Amino acid sequence: MRLSDLLKFKNIVIQCHDNPDADALASGYAIMWFFEQNHKKARFIYRGRNEIQKSNLQMMLKKLKVPVEYQPFVAEEPDLIITVDCQYGQKNVTASKAKQIAVIDHHQKVNEDYDPNYTCIRNDVGSCSTICWDLLKEEGLNPNDNKLLATALYYGLFSDTNRLSEVSHPLDRDMLDSLVINKGIINEMINSNISLEELKITGRAMINYEYHESNKYLLIEAEPCDPCILGIISDFALETENVDVCVAFFANHYEVKYSVRSCSKEIHADELAAYIAEDLGGGGGGHMLKAGGTISPDYLTKSPKETIAERLAMYYDRYLVIYAKKFKLNTSKMLPYEKIPQSMGCVKLSDIFPVGSSINIRTVEGDIDTVVANDSYLIIDVEGEIFPIKENKLLNTYQLTNFMFTRDFEYEPRIKNMVTGEVKLVLPYAKSVRSIVSEFIYAMPIEQPVKLFTAWSDDKYYSGQIGDYLGVRADDEHDIFIIKGDSLGKYYKPKRN
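Analysis parameters
- Residues numbered from 1 in each chain as written.
- Predicted model: local features only at pLDDT ≥ 70, side-chain atom pairs only at ≥ 80, totals over all residues.
- Heavy atoms only, no water.
- Pairing = 2+ DSSP bridges.
- Helix = DSSP H or I, 4+ residues; strand = E, 2+ residues; numbered from the N terminus.
- Axes fitted to C-alpha atoms, helices over the stretch in contact; angles between N-to-C directions.
- Buried < 20%, exposed > 50% of the residue type's maximum accessible area, 1.4 Å probe, protein only.
- Core = buried A, V, L, I, M, F, W, Y, C linked by side-chain atoms within 4.5 Å.
- Contact = heavy atoms within 4.5 Å.
- Phe/Tyr/Trp six-rings, centres within 6.5 Å; stacked < 30°, edge-to-face > 60°.
- Lys NZ or Arg CZ within 6 Å of the ring centre and 35° of its normal.
- Parallel < 35°, antiparallel > 145°, perpendicular 65-115°, else oblique.
- Left-handed = near helix turned anticlockwise from the far one by under 90°.

Caption draft 1: The arrangement of the sheet that holds strand β1 (residues 12–16) in detail. In spatial order, the strands read β3-β2-β1-β4-β5-β6; together these six strands make up an open sheet with parallel pairing. The open sheet is flanked by β3 (68–70) and β6 (119–121), the only strands paired with a single partner. Taking each pair of neighbouring strands and ignoring which way they run, the sheet shows an average axis angle of 25 degrees. As paired strands, strand β2 (residues 43–46) and β3 are joined by three bridges and run parallel to one another. Bridging across to β3, I45 finds its partner in E69.

The structure is reproduced here in structure tokens:
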């Protein structure tokens, strides 16, 4: 869906969920601004029993001039209702009739009957503000032309990702890099975020913790509150002696919200957050140390506390941890494979930015910071993953061509000059290369989920699930790696004797 598809409607209402948060308000603000820029009238409303009471949100409405109206009753039937940061028919949205419904949201889709021509749901990004920012950019509009709106979008993402600690998608990071904001107003709102009642909620939650000594984690249930309170609880709890992981959560009638913190290198907070929400109508994500997520109560057969406790116990029991520096696989029980020559992409970094430039390479897998050298290259595989390579290894491993490398990826990799701020896409500079070296490995199916610390890094593990494969180079018994299940046949073929 494009926002310009909505310009044909006359009577337009933008509606966010009841008891709106900063992300909902910023998202509706962005869509309202789009219609204003196109000289189109629209109204931005929220409904429900209660008007906005939180001091930081009242400050947001006033200082950022968010054009939202509280409408507990709506008598009219507009031509179009656009729900933002929520989905029409959900429990947290008071129903309003309309001739056409459009949905813009970043939560799990709850209804397959939404008209795809008027639906933009992306549950992989951290906030609805990010989606609205991207939709505005797609229409050639720059939110920085309205600094108050830009500040609102930033605060929307900031609030919905627990002070940016749960940001993981590159589109979220792109928005953060691009927005020109009023930092003073942001600081004022941050410092008005907790009420005295929420301070009491924090204290009561801390007292009623559950400690699991065998795995050194805390499970803390709080009363319904602003999600940022969960982050405060879990951040503070993680400072406790002999606590490696903390999960703080609350439940209300339409969602279970939780925050995850980890200081253990064998537990990535983002992976644990995703596991807790798996198949429970929500989602989880963030960073290795800080993450969070949501669960839909409609998917639960037990209490939220019992469900999360059960998921935590299952998570700790399911993984085999491998440190490749010390571990040796029994290759006599593995099958030999030969790497299939692949056409991949290759980029010489000095073709994009001058030698000596400090750059940030942004991909779906994460950011890479480096300095451009004469012999610096990037390889782009067929899945869109990027890894740096030096010229001598490149020439010894691949044959260069003059053909352009063209692929469609979920998120096109891009490079930012850290000094000038200039951003360039990678693919326009990419040429095709083909492997010329035969690489022999041994591989076997993974029978138990694995956390692999490679021989090159003890700080970060790679996850392998049942259906994936463990591989090891034939000439280096400690070069152990994970091959995703659908990739074995793409990249390797059985080795002939």
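Caption draft 2: Just the pairing of strand β5 (residues 100–105), in detail. With six of six residues buried, β5 lies mostly within the body of the structure. Side chains Q100, A102 and I104 of β5 all project onto a buried face; the interleaved residues I101, V103 and D105 project onto the opposite face, where all are buried too. When strand β4 (residues 80–84) meets β5, the two strands line up parallel, connected through five bridges. Residue I82 lies in a different strand from β5, and its bridge partner there is A102. Two strands pair when backbone bridges link them, and β5 and β6 are joined in this way by three bridges, in the parallel orientation. Its bridge partner being in β6, I104 is matched across the sheet by C120.

Caption draft 3: Structural context of the nonpolar core. I14, I31, F35, M60, I82 and I104 are the most contacted members of the largest nonpolar core, which totals 59 residues. The dominant element in this core, judged by the number of residues it contributes, is helix α1 (residues 22–37), at 11 residues. The contact partners of M60, leaving out residues within four places of it in the chain, are A22, L25, A26, K65, V66, A152, Y155 and M189. If you look at the next biggest cluster of nonpolar residues, it comprises 26 residues, including V245, I267, A269 and Y315.

Caption draft 4: Molecular detail of the pairing of strand β15 (residues 343–348). Direction of pairing for β15 relative to strand β23 (residues 431–435): antiparallel, over a ladder of four bridges. Across the sheet, G345 pairs through a bridge with S432, a residue of β23. Relative to strand β18 (residues 376–380), β15 runs antiparallel, the two being bridged by four bridges. Note on β18: the bridge partner recorded for K348 is Y377.

Caption draft 5: The packing of aromatic side chains, seen in detail. Taken as a whole and assessed by the stated rule, the structure comprises 11 aromatic pairs. Both rings, one in F9 and one in Y118, keep their centres 5.7 Å apart while their planes meet at 70 degrees; by these two values the pair is edge-to-face. Linking F9 in the segment before β1 with Y118 in the loop between β5 and β6, this pair joins segments that are 109 residues apart in sequence. Y118 shares its class with F9; the two are buried. Seen from their ring centres, F34 and F35 are 5.3 Å apart, and the 65 degrees between their planes marks the pair as edge-to-face. One exposure class covers both F34 and F35, and it is buried. Clustering of aromatic rings is evident, with ring pairs tying together Y217, Y275, Y315, Y316 and Y319. Its end group placed over the ring of Y275, R311 keeps NZ or CZ at 5.9 Å from the ring centre. The ring of F353 has K424 sitting right over it, with the charged end atom 5.0 Å from the ring centre.

Caption draft 6: A look at unusual backbone geometry. Its identity is not glycine, yet H39 carries a phi of approximately 55 degrees, on the positive side. With respect to the secondary-structure elements, H39 resides in the loop between α1 and β2. The residue K216 is not glycine, and still its phi comes out positive at about 60 degrees. Following the sequence through the fold, K216 ends up in the loop between β7 (209–212) and β8 (217–221).

Caption draft 7: Expanded view of the packing of α1 against helix α2 (residues 55–63). Packing of α1 against α2 leaves a shortest axis separation of 10 Å and a crossing angle of 15 degrees. Put simply, α1 runs roughly parallel to α2. In this structure, the crossing between α1 and α2 has a hand that is right-handed. Across the interface between the two elements, A22, L25 and A26 of α1 pack against L57, M60 and L61 of α2.

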